[in-house]
Every structure is written in C-alpha cells, then in structure tokens.
Amino acid sequence: MARFDGGTISSDGGAFLLRETDQRLNLISRFSECFLDGRKQSQVEHPVEEMLAQRIYGLALGYEDLNDHEQLRTDPVFGILAGKRDLTDPLAGKSTLNRLELGTGVTDRYKKIAFRQEAVDELLVSVFIESHHQAPAEIVLDMDTTDLPLHGKQEGRFFHGYYDNYCYLPLYVFSGDHVLCARLREANHDAAYGCLPEIERIVKQIRAAWPEVKIILRGDSGFCRNQLMSWCESNAVDYLFGMARNQRLRKVIGRQMQEATVQWQQTGKPARVFTEFEYRTKKTKKSGWGRDRRVVAKAEHIDGKENPRFVVTSLSGERWSSQALYEELYCGRGDMENRIKEQFSLFADRVSAETMLANQLRLYLSAVAYILVSGLRRVGLKGTELAQAQVSTIRTKLLKIGAQIRVSVRRVWVSMASSYPWRGLYQQVWSNLRC
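Criteria and thresholds
Residues numbered from 1 in each chain as written. Predicted model: local features only at pLDDT ≥ 70, side-chain atom pairs only at ≥ 80, totals over all residues. Heavy atoms only, no water. Salt bridge = Lys/Arg side-chain N within 4 Å of Asp/Glu carboxyl O. Helix = DSSP H or I, 4+ residues; strand = E, 2+ residues; numbered from the N terminus. Buried < 20%, exposed > 50% of the residue type's maximum accessible area, 1.4 Å probe, protein only. Pairing = 2+ DSSP bridges. Phe/Tyr/Trp six-rings, centres within 6.5 Å; stacked < 30°, edge-to-face > 60°. Lys NZ or Arg CZ within 6 Å of the ring centre and 35° of its normal. Axes fitted to C-alpha atoms, helices over the stretch in contact; angles between N-to-C directions. Parallel < 35°, antiparallel > 145°, perpendicular 65-115°, else oblique. Left-handed = near helix turned anticlockwise from the far one by under 90°. Contact = heavy atoms within 4.5 Å. Nonpolar A, V, L, I, M, F, W, Y, C, P; charged D, E, K, R; others polar. Core = buried A, V, L, I, M, F, W, Y, C linked by side-chain atoms within 4.5 Å. 1 Å grid on protein atoms, 1.4 Å probe; cavity = no way out; pocket = protein on both sides within 12 Å on 5 of 7 lines; lining within 4 Å. Points joined across faces, edges and corners; volume = space filled by probe spheres on them.

Participant: How should I be thinking about the pattern of salt bridges in this particular structure?
Facilitator: Working definition: two side chains of opposite charge can pair if their charged atoms are close together. Across all of its chains, the model carries 31 salt bridges by this definition. Across the pair Asp37 and Arg39 runs a salt bridge whose closest N-O atoms are separated by 2.9 Å. Residue Arg294 is joined to Glu276 by a salt bridge in which the shortest nitrogen-to-oxygen separation is 2.9 Å. Of the two residues, Arg294 sits in strand S13 (residues 293-302) while Glu276 sits in strand S12 (residues 271-279), which places them 18 residues apart along the sequence. Under the relative-accessibility criterion, Arg294 is labelled buried at 7%. Each of the salt bridges in this network shares a partner with another, and the network as a whole consists of Asp177, Asp335, Arg339, Glu342 and Arg377.

Here you go:
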C-alpha cells in the first residue's frame, strides 16, 4: 500500500553537518558582509545572509537552479539551515534570489543588492590562512584555467579554439584543497591574462599573516611568461612552470633523447632520461626572457615515439634534483585538476545569467559552497574513510539522507532511517565538528 501520509519528509537530512561546519568556519555570515544592501531594512523580509545561505546550501546539496527554491523555500530543513526563526514562514523564492544575483551596485528600483569583489577575494584567502593553526614553512600556489561553456548570448561571449566552443575562461588559484581565487574572464585572452594582479594581492595578504613563509608558484606552460617570472624573482617567490616544446629545446636534449630511444628499443618499456640546462628565449619587441633560467627536461620515449617535456624553475638543483623536481613537484599539480572538477560538482559552470558580474557572483557562490564542503572534509572527516573523498561522494553518502521532520514548539525532530549504512561515520563526523 502506497499513500502520501508520511508527514514532512526531506531528502537532505545530513545537511546539518554543513551547518555545523559553517558555525566552525563562520563562513556564510562573513560572506554576507561582502554585500551592500540598499533596501529599506524595516521592510526587508529576507536578509542577505538568509538568501545566501539558501543558495550555498542548495549548491552543496545538489540543487543547481534558482527554480529549485520554489519548492525548497518551504522545506523546514532549509529553513533551519538558513537560520529562519519561524519555520512556518517560507524562504525567498526564485524571483527574489534572482534579484540578489543580478544586482549591479547602481541605484535601481528592483535590484538594490550588490557585492564587493575585493571583499570576497580577501575572504577566500582569509579562510585559507585561518585553516592553519600555525604558519607553514612552505606553501604551493597552483594556477590553472578551465572552460565554462556558454549556450546563450551572455556578455563577454567569445569562441575558444582549443575548447571548440563559446565559453568563459576563469582563473583558479588553489593551495592544496583551498581555493584562493575564482576569477571569471572572457575567453579571448590567453591563460596568463590577468594572473599577475591576482598573485600579487594573494601573496601580499599571505605574507601579512606569515612573513617568513616560502611560496612556490606552479602552473602549466600557459603561465610561462617573462613578466610573471620576473615579478617572482623580484619578490622572493619561487616558481615552476611548464614550457611549450620547440625545435631549439629538442636540439638541446638530442643526446638524452637518443639514450631514451635506445633504452626503449632494448626493453620495450617507456624510458625516461632527465637533464637540465640554462636557457634563455630569444628576445623580441613583445616577448623573450631577459635572463638565463634553469630548465629541466624529461627526454621520454613511449609507444614508439618521442615525448619530451620541459619545465622552467627558480628552484635550485641542490634542493630539487631534475627528476624529483619534475616527477614529484611539477606532476603534483595534477591534484589541482581534481579540485577544479569539484567546482563542476557544485555547478560553477551554471553561468547562464546575462551579465558577467552576475556570473562572477555565481562563481563565488560555487566557491563558497566548495569551501563549506571542503571544511567538512578537512575537519569533520579527518581520520575517516572519506577523508579524501570527492564533493559528490560526500554529498551522496553523508548529506542526501532521507529523514522525517517533525516541528514542535521547542524542537525540530529529524528522524533518519535506522538502516542508514553510514550511521557510525555520521556520528563520528558530528562528534568531530562539535568538539
């Protein structure tokens, strides 16, 4: 017998772990302080913090669109998450949330809320700094880009030949699991466009908190630019960038490439030979290096063909040998690609608003949702089987739990299934967050 008599049921019974995480990080409250609210406060029904909590928790729980909130606004779980005192009052609807996202900072009858980009940027770095109990001796800042496909006539729409579609090309900066920058950019520029100002402000804020920390800047060949490397050398920041192959570089490693080929012929297995040398690109009016720099080369023969790779670095050979520099330090940047993939699990690619400013806010909302889930992973899941789990796995196993919700005068009762398979894990995470 199937009947609709189960009372109030929610599929997000595990979301209270996120609420506990937010209380540990004090994240959403500070994020709301980055907004300017021009509404008459005596007539405001839905505060900015409440609406932001709606959107951020919604993204973390798998609700990508504003339309979803037409139903979620009456969900008591979301009411608790958003800090609603009276759970009989609905949260903001899709139209109100839409006006929040479309605010431009210019006086308008309907759009009176705007966000301050510089304040959000500062908050992302501050959360990273606060996650350390003491200053680390060394940190690595990873830079990378990705494509956010566009399917309409959004502002700043350009075709990108490499990705073969119309898209945005946002810049991300990570340090381990922490996102320090999420900057939306048009796709008619190269990967390194605008990265220097972002790195300057990030390094400045980090060194204000940790004056002695050693910083390594890491990126692929798209960021191998003389201006960026020169700035690093002038500001005591080490760097490690990939380099695009060319015939001149191939000629330099001719002997090592021949050695790798011989090894492959003898064993039939991929062969690698590492070497290093001082190198300077040819100087032109618009490009070229102004000095010699250390280049590490991997002469590799694989599957019957050559596969040479090159990186340029300011790190010394005494500290990092050629092979360790490439295989351990440079290849370690591949983990950042997993962090970017997690942004897609939180719908960073939902850039369907008309203006770039509104889409930048959506990118920020996704980044804050990531910080929230990442904080749950770092604090709550520490020492558990999900300590290294992806955002989507955490959502499926810990957050999307069916629960019966009963609201009384004094309490909200959340009754989850007794047969929930990760009950012990949930209790352990709750304990970690509350201690």
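Participant: Help me out: how do you make sense of the pairing of strand S16 (residues 403-407) in this one?
Facilitator: One face of the sheet, then the other: side chains in a regular strand alternate in exactly this way. Pairing geometry for strand S1 (residues 8-10) and S16, over three bridges, is antiparallel. Bridging from a neighbouring strand, Thr8 pairs with Ile405 of S16. Taken together, S16 and the strand that follows it, strand S17 (residues 412-416), pair antiparallel across an intervening segment of four residues.

Participant: For this particular structure, what's the right way to read the packing of aromatic side chains?
Facilitator: For any pair of aromatic rings, the description consists of the separation of the ring centres together with the inter-plane angle of the planes. Counting across every chain of the model gives 16 aromatic pairs. Aromatic pair Tyr279 and Trp289: ring centres 5.9 Å apart, planes at 90°, arrangement edge-to-face. Pair noted here: Tyr279 is in strand S12 and Trp289 is in the loop between S12 and S13, with a separation of ten residues, a long-range link. One exposure class covers both Tyr279 and Trp289, and it is buried. For the ring pair Tyr420 and Trp422, a centre distance of 6.2 Å and an interplane angle of 70° mean the geometry is edge-to-face. Aromatic ring contacts, followed pair by pair, group Phe31, Phe35, Phe115 and Tyr364 into a single cluster. In this arrangement the basic side chain of Arg157 is found over the ring face of Tyr166, its NZ or CZ atom lying 3.7 Å from the centre. Lying over the aromatic face of Trp289, Arg293 brings its terminal NZ or CZ to 5.2 Å of the ring centre.

Participant: I keep staring at the sheet that holds strand S7 (residues 165-168) and nothing clicks. Help me out?
Facilitator: The strands that make up a sheet are held in pairs by hydrogen bonds between backbone atoms, and each pair lies either parallel or antiparallel. Ordered in space as S5-S7-S6, the three strands form an open sheet in which the pairing is antiparallel. Unpaired on one side and paired on the other, strand S5 (148-149) and strand S6 (158-160) mark the two borders of the sheet. Relative to S7, S5 runs antiparallel, the two sharing two bridges. Each bridged residue has a counterpart across the sheet, and for Pro149 the counterpart in S7 is Cys167.

Participant: Got a minute to help me understand the sheet that holds S1 in this structure?
Facilitator: Here we have three strands laid out as an open sheet, ordered S1-S16-S17, and antiparallel in their pairing. Each edge of the sheet is formed by a strand with only one pairing partner; in this case those strands are S1 and S17. In this sheet, adjacent strand axes meet at a mean angle of 30° when their direction is disregarded.

Participant: Help me understand the packing of helix H13 (residues 334-345) against helix H14 (residues 356-380) in this model?
Facilitator: Think of two packed helices as two axes; the pair is described by the angle between the axes and how far apart they sit. Contact pair H13 / H14: the axes reach a minimum separation of 9 Å and the direction vectors enclose 115°. By the angle between their directions, the pair H13 and H14 is classed as roughly perpendicular. Considering only the axes of H13 and H14, their crossing is right-handed. Counted together, Arg339, Glu342 and Gln343 of H13 and Ser366, Ala367, Tyr370 and Arg377 of H14 form the full contact between these two elements. When the residues that make up the contact of H13 with H14 are grouped by side-chain class, the tally is two nonpolar, two polar and three charged.

Participant: Can you help me understand the side chain of Asp121 in this one?
Facilitator: Residue placement: Asp121 occurs in helix H7 (residues 117-130). Among the residues examined, Asp121 registers a relative accessible area of 4% and is labelled buried. Non-local contacts of Asp121, meaning those with residues more than four positions away in its chain, are made with Leu180, Arg183, Arg201 and Tyr364.

Participant: Sorry if this is basic, but what is going on with the nonpolar core here?
Facilitator: Generally speaking, nonpolar side chains in soluble globular proteins are found buried as a group. By size, the foremost hydrophobic cluster in this structure holds 80 residues, and its most contacted members are Leu18, Phe31, Phe35, Ile56, Tyr172 and Leu398. In this structure Leu18 touches Tyr57, Ala60, Leu61, Leu372, Val373, Leu376 and Leu399, once residues within four positions along its chain are discounted. Formed by 46 residues, the second largest nonpolar core is a distinct cluster that contains Leu141, Ile206, Phe223 and Phe241.

Participant: Hey, could you run me through the environment of Leu102 in this one?
Facilitator: With respect to the helices, strands and loops of the structure, Leu102 is situated in the loop between helix H6 (94-101) and strand S3 (113-115). Overall, the relative accessible area of 22% leaves Leu102 in the partly exposed class. Spatially, the C-alpha atom of Leu102 lies 8.8 Å from that of Asn359, the residues being 257 residues apart in sequence. Filtering out sequence-adjacent residues up to four positions away, Leu102 remains in contact with Lys111, Ala353 and Ala358.

Participant: Sorry if this is basic, but what is going on with empty space enclosed by the protein here?
Facilitator: Gaps left between atoms show up when a probe the size of a water molecule is rolled over them. Counted under the stated rule, the structure contains three cavities of 30 Å³ or more. For the largest cavity, the calculated volume is near 70 Å³. Contributing to the lining of the largest cavity are Leu124, Val127, Phe128, Asp177, His178, Val179, Tyr370, Ile371, Ser374, Gly375 and Arg378. Looking at the lining of the largest cavity, the elements that each hand over two or more residues are H7, strand S9 (178-183) and H14. Considering every element that reaches the lining of the largest cavity, the biggest residue donor is H14, with five residues. A breakdown of the residues in the lining of the largest cavity according to their chemical character gives six nonpolar, three polar and two charged. Here the second largest cavity defines a volume of roughly 50 Å³. Lining of the second largest cavity is provided by Arg55, Leu59, Glu64, Phe347, Arg350, Arg362 and Leu365. Of all the secondary structure elements, the ones that give two or more residues to the lining of the second largest cavity are helix H3 (48-60) and H14. When the residues that make up the lining of the second largest cavity are grouped by side-chain class, the tally is three nonpolar, no polar and four charged.

Shape is all these values report; function is a separate question.
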